[in-house]
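Structural overview
For reference, the chains in residue letters:
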Amino acid sequence: MSKAASDGDPGGSAERALSAMFRRLIRETGPISLAQFMGESNARYYSSRDPLGAAGDFITAPEISQMFGELVGLWLADLWSQMGSPERVLYVELGPGRGTLASDALRTAAKFGLNPQVHFVEGSASLRAIQRGTIPGVTHHDDLGSVPEDAPLLLVANEFFDALPIRQLVRTAQGWRERMVGLEDDRFVFVAGDKPMDSAVPEKWRDADEGALIETCPAAASVMSEIATRLAKQGGAGLVVDYGTTELRSGSTLQAIRSHEKVDVFAAPGEADLTAHVDFEMLRHVAADQGAQVMGPTTQGQWLRALGIDRRLKALQRQSPGNADKIKRQRDRLVDESEMGALFKVMGLSGGGWPTAGAGFG
Ligand code: SAH
């Protein structure tokens, strides 16, 4: 991707337009939900640029090293072989970015004779164009709804769920309220909504102390519900990788990233990537409720080591001795606990009679 495209909109006119739209809306109708603010900001953000890589705003595991996608491909090929290598199978990726993960995973899968049809769920027109260059012949979808229903799925979502719009709920003296986005003069500020929100709060949080703040992500719950329903019906397996927690905790995890730095979440709507920790506890429950088998979650570091990242590292170092240190450093970024190894989690899924114990989940 060119530098110019990564810079997006250096003049900031898109950002100003979106800020102005939010201001008008708030003045006319009152505070808006954080989910609306985040959803519209990210839709604008992703549709107008390639945010990945050194010249962009952030970097992801597949962009750090080919080893990540290769081990994902190995995991999928292993389960597919255990099922007797069915001829028709669909590789489905949610939010595939530049298509790098898919390219590495499919190259590895092909070594085992696995050559699935490729379907991408991608909202961004500019990323779709890049993905067509990486994976010619890919079929794009706005959501899972139009993905074929007649074959097992091999499903992957890396750093997709963290971009979906969250709601924040705060426990006030009057009970649970939604944390909304309002205006103080021309500045966006958080304000408590006036509607009781107790029914949107998980049971065990209802009586939390005043000041408690939790996040929910109805969009993530709905996507996971569809994934699990499909896996149970069509058969197949999947991997969800993201940063987050295995148990819901109190506190805001919302952050905005621009040019590899954290910035104020209200500073530049549509010009910074808004993300929040993924609640794997919720994803597990939703998946299980829809009849899918859940593996893990475990940490990314543990999973990559179990899949043999250190063997792959040695092989790559032998092929390219001049880059041995660089490749080792990439491995460390993915695996070390002080980097992505502990914060990022990997959750496996399967359904429709596919194996319930995938590699790397202990
Ligand atoms: N998986 C890639 C990219 C992660 S960035 C990687 O690991 O490098 C998030 C991706 O999700 C982008 O491709 C973005 O366009 C896509 N995305 C974010 N929100 C989406 C939504 N609501 N619907 C479809 N795609 C979305």
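Structure report, in brief. Predicted model, so just to flag it, every value in this text is computed and none were measured. Position numbers for residues count from 1 along each chain, tracking the sequence in the order it is written. Only residues with pLDDT of 70 or above have their local features reported here, since the model is predicted, and side-chain atom pairs are shown and tallied only from 80 upward, although totals for entire chains, interfaces and linings are computed over all residues. To obtain the side-chain values, all non-hydrogen atoms of the structure were used and water was disregarded.

**Side note on the side chain of E281**
Let me state the cut-off plainly: To qualify as a helix, a DSSP run of H or I must reach at least 4 residues; to qualify as a strand, a run of E must reach at least 2; elements of each kind are numbered from the N terminus. Summary of the burial criterion: residues with accessible area below 20% of their type's maximum are buried, those above 50% are exposed, and those between are partly exposed, where the area comes from a 1.4 Å probe applied to protein chains only. Two N or O atoms form a polar contact when they lie within 3.5 Å of each other; inside protein one atom must be a possible hydrogen donor and the other a possible acceptor, and for residues adjacent in sequence the pair counts only when both atoms belong to side chains. Contacts were defined at the residue level, with two residues in contact if any of their heavy atoms lie within 4.5 Å.
Locating E281 in the fold gives a position in helix α9 (residues 280-289). You can call E281 buried: its relative accessible area is 14%. Side-chain polar atoms of E281 contact the side chain of K204, separated by 3.0 Å. Once residues within four sequence positions are removed from consideration, E281 is found in contact with K204, T245, T246, E247 and L248.

**A short note on the site of the ligand**
Let me state the cut-off plainly: We call a residue near a molecule or strand whenever a single non-hydrogen atom of that residue lies within 4 Å of it. Accessible surface is estimated by sampling points in the Shrake-Rupley manner with a 1.4 Å probe; for residues, cover comes only from the protein chains shown. Space inside and on the surface of the protein is sampled on a 1 Å grid over the protein atoms alone, with a cavity defined as a set of points where a 1.4 Å probe fits but cannot get out and a pocket as an open set with protein on both sides within 12 Å along at least 5 of 7 lines; lining residues have an atom within 4 Å of a point. Molecules are considered to sit inside a cavity or pocket once more than half of their atoms lie within 2 Å of its grid points. Each residue is assigned to one of three groups, with Ala, Val, Leu, Ile, Met, Phe, Trp, Tyr, Cys and Pro labelled nonpolar, Asp, Glu, Lys and Arg labelled charged, and all others, Gly among them, labelled polar.
Of all residues adjacent to the ligand, which total 16 residues, the nearest are T60, G95, G97, E122 and N158. Between the ligand and the protein, one listed contact pairs an oxygen atom with a side-chain N or O atom of T60 at 2.5 Å. One of the backbone N or O atoms of G95 is found 2.7 Å from a nitrogen atom in the ligand. Expressed as a share of its isolated accessible area of 560 Å², the protein-covered part of the ligand is 88%. Taking a 2 Å distance to the grid points as the criterion, the majority of the atoms of the ligand fall inside the largest pocket. Looking at the shell around the ligand residue by residue, the classes come out as eight nonpolar, six polar and two charged.

**Details of the packing of aromatic side chains**
Note the following rule: Here a pair means two rings of Phe, Tyr or Trp (six-membered ring of Trp) with centres within 6.5 Å. Their orientation is stacked below 30 degrees between planes, edge-to-face above 60, and tilted elsewhere. Only when the NZ atom of a Lys or the CZ atom of an Arg is both within 6 Å of the ring centre and within 35 degrees of the ring normal do we say a charge sits over the ring.
Summed over the entire model, instances satisfying the criterion amount to 11 aromatic pairs. Plain terms: the ring middles of Y45 and Y46 are 5.1 Å apart, the flat faces sit at 80 degrees to each other, and that makes the pair edge-to-face. Ring geometry for F188 versus F266: centroids 6.0 Å apart, planes at 55 degrees, classification tilted. Placement of F188 in strand β8 (residues 187-196) and of F266 in the loop between β12 (261-263) and β13 (273-275) is noted, with a sequence separation of 78 residues between them. The exposure classification of F188 matches that of F266, with both residues buried. Linked through ring pairs, F22, F37, F188, F190 and F266 together constitute an aromatic cluster. We note R179 situated over the ring of F190; from NZ or CZ to the ring centre the distance is 3.6 Å.

**Topic: the environment of R318**
Here R318 is to be found in helix α11 (residues 309-319). Residue R318 is classed as exposed on the basis of its relative accessible area, which comes to 63%. In this structure the C-alpha to C-alpha distance between R318 and A220, which are 98 residues apart in sequence, comes to 41 Å.

**Considering the nonpolar core**
Side chains that are nonpolar tend, in soluble globular proteins, to be buried together. This is how it is decided: Each nonpolar core is a collection of buried residues, namely Ala, Val, Leu, Ile, Met, Phe, Trp, Tyr and Cys, held together in the definition by side-chain atoms within 4.5 Å.
Ranked by size, the top nonpolar core spans 47 residues in total, and within it F37, L94, F161, M224, I227 and L283 carry the most contacts. For this core, the secondary structure elements donating two or more residues are α2 (13-29), α3 (34-47), β2 (90-94), β5 (153-158), α8 (218-234), α9 and β16 (344-351). Looking at this core element by element, the count peaks at six residues for α8. Excluding residues within four positions of it along the chain, F37 makes contact with F22, I32, V181, F188, V265, F266, P269 and L274. A109, V138, V241 and L307 belong to the second largest nonpolar core, which has 44 residues in total.

**A closer look at α3**
In plain terms, the rule: By definition here, a helix of n residues has an expected span of 1.5 Å times n minus one. Throughout, the arc means that of the directions going from the helix axis to the C-beta atoms.
A rise of 1.5 Å per residue sets the reference length of α3, with its 14 residues, at 20 Å; its end C-alpha atoms lie 20 Å apart and thus fit the reference within 8%. Inspection of α3 places L34, F37, M38, S41, N42, Y45 and Y46 among the buried residues, and these make up the whole buried set. Looking straight down α3, one finds that the buried residues subtend no more than 135 degrees of arc, so they occupy a single side.

Honestly, it's all geometry; don't read function into it.
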